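Each chain is listed here by its residues.
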Amino acid sequence: MECFRQRCCRKNLMPRTLDGQITMEKTPSYFITREAPSRVFSMSRSTKLIVVVRDPVTRAVSDYTQTLTKNPGLPSFQNLAFKNSTTGLIDTSWSAVRIGIYAKHLENWLRYFPLTQFLFVSGEKLVTDPAGEMGRVQDFLGLKRVVTNKHFYFNQTKGFPCLKKPEGSSRPRCLGKSKGRPHPHIPAEVLHRLRDFYRPFNMKFYQMTGQDFGWD
Ligand SMILES: Nc1ncnc2c1ncn2[C@@H]1O[C@H](COP(=O)(O)OS(=O)(=O)O)[C@@H](OP(=O)(O)O)[C@H]1O
């Protein structure tokens, strides 16, 4: 997710940012797009960058779940995740696996932007403590802490936090059906191998960001 303080790159699509306003642009795929850092940099080098990351193993399963919904005939998760199921060699060309190698993607961004211009939000804390993570976001953007605990409640049916009263509405609102879906069962051994695969990349990511996301 990118916050554009001046004018966005897609000048025709985005309105001008006036004094006292900030413009937010949210495109998850920018984080993993090779050309994105140089393009954002050439637009504005003072852009603040917010990256929401979750355990790459859960992320891969979530990604698979999403694709499975669109294409129910998809091969099994393990079929796609392994190049060779006997040796357990992981297929890093599968996007669901590749996206979770956060350290590699961040390296690409750090060639253009200093770490101080990034905020890394924990996807796990966003669920367990949405107000806490939103507090960090507001501080990072230099905003008053307007969104607080009182804006959220835990919806038992959804199994996730929801907004008590979104702006312009008097009714509570949860994220849509495609967010927070149950994941298919993946054999423990498969998850274990994937966890082993990600461990060194996660460690590197913790080191680069100075944040331990607790994924192990
Ligand atoms: N409050 C709340 N409600 C529902 N879901 C929540 C919430 N907070 C975080 N999540 C997690 O967000 C996951 C989906 O986010 P995505 O990264 O796929 O979203 S995006 O399309 O890339 O913007 C989604 O992943 P899945 O559980 O795999 O569906 C959720 O776990």
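Preceding this section is the structure that the text describes.
Below you will find a few notes about this structure. (Residues numbered from 1 in each chain as written. Predicted model: local features only at pLDDT ≥ 70, side-chain atom pairs only at ≥ 80, totals over all residues. Heavy atoms only, no water.)

Pairing of strand β7 (residues 152-155) with strand β8 (residues 160-163) involves 4 bridges; the strand directions are antiparallel. Bridge pairing in β8 links N155 to F160. Counted along the chain from β7 to the antiparallel partner β8, the turn is 4 residues long, and its residue G159 has a positive phi close to 75 degrees. (Pairing = 2+ DSSP bridges. Helix = DSSP H or I, 4+ residues; strand = E, 2+ residues; numbered from the N terminus.)

Okay, the nonpolar core next. Formed by 20 residues in total, the largest nonpolar core has its most connected members in W109, F118 and F205. Within the residue set of this core, elements represented by two or more residues are α1 (36-43), β3 (48-53), α5 (102-110), β6 (118-122) and α8 (188-209). It is α5 that provides the largest number of residues to this core, a total of 4 residues. Those residues in contact with F205 that sit more than four places away from it in its chain are V53, Y102, A103, L106, F120, F213 and W215. Of all hydrophobic cores here, the second largest spans 18 residues; its members include V57, I186, L194 and F197. (Core = buried A, V, L, I, M, F, W, Y, C linked by side-chain atoms within 4.5 Å. Buried < 20%, exposed > 50% of the residue type's maximum accessible area, 1.4 Å probe, protein only. Contact = heavy atoms within 4.5 Å.)

Helices that pack against each other are described as a pair by the angle of their axes relative to one another and the distance between those axes. Look at α5 against α8: their axes get within 8 Å of each other, and the N-to-C directions meet at 35 degrees. Each of Y102, A103, L106, E107 and L110 in α5 lies in contact with α8, whose residues at this interface are F201, K204, F205, M208 and T209. Broken down by class, the residue content of the contact of α5 with α8 amounts to 7 nonpolar, 1 polar and 2 charged. (Axes fitted to C-alpha atoms, helices over the stretch in contact; angles between N-to-C directions. Nonpolar A, V, L, I, M, F, W, Y, C, P; charged D, E, K, R; others polar.)

This part is about the site of the ligand. In the vicinity of the ligand lie 14 residues, with S62, P161, K179, G180 and H183 positioned nearest. A distance of 2.8 Å separates an oxygen atom of the ligand from a polar side-chain atom of K26. Contacts to the ligand include H183, whose side-chain N or O atom sits 2.5 Å from an oxygen atom. Looking at side-chain class alone, the shell around the ligand contains 5 nonpolar, 4 polar and 5 charged residues. (Near = heavy atom within 4 Å. Polar contact = N/O pair within 3.5 Å; in protein donor to acceptor, adjacent residues only side chain to side chain.)

Turning next to the side chain of N108. Relative to the elements of secondary structure, N108 occurs in helix α5. Looking at N108, its side chain comes within polar contact range of the main-chain oxygen of R34, at 3.4 Å. Contact partners of N108, with chain neighbours within four places excluded, come to T33, R34 and P37.

Here the structure, examined in full by the defined rule, presents 8 salt bridges. Here K204 ties to E107 by a salt bridge, and the two come within 2.6 Å at their closest N and O atoms. Residue K204 is found in helix α8, and its partner E107 is found in helix α5; the two are separated by 97 residues along the sequence. Note on K204: relative accessible area 34%, which makes it partly exposed. Residue R145 pairs with D139 through a salt bridge whose shortest N-O separation is 2.6 Å. Given the relative accessible area of 47%, R145 is considered partly exposed. Via salt bridges that share partners, D196, R199 and D216 belong to a single interconnected network. (Salt bridge = Lys/Arg side-chain N within 4 Å of Asp/Glu carboxyl O.)

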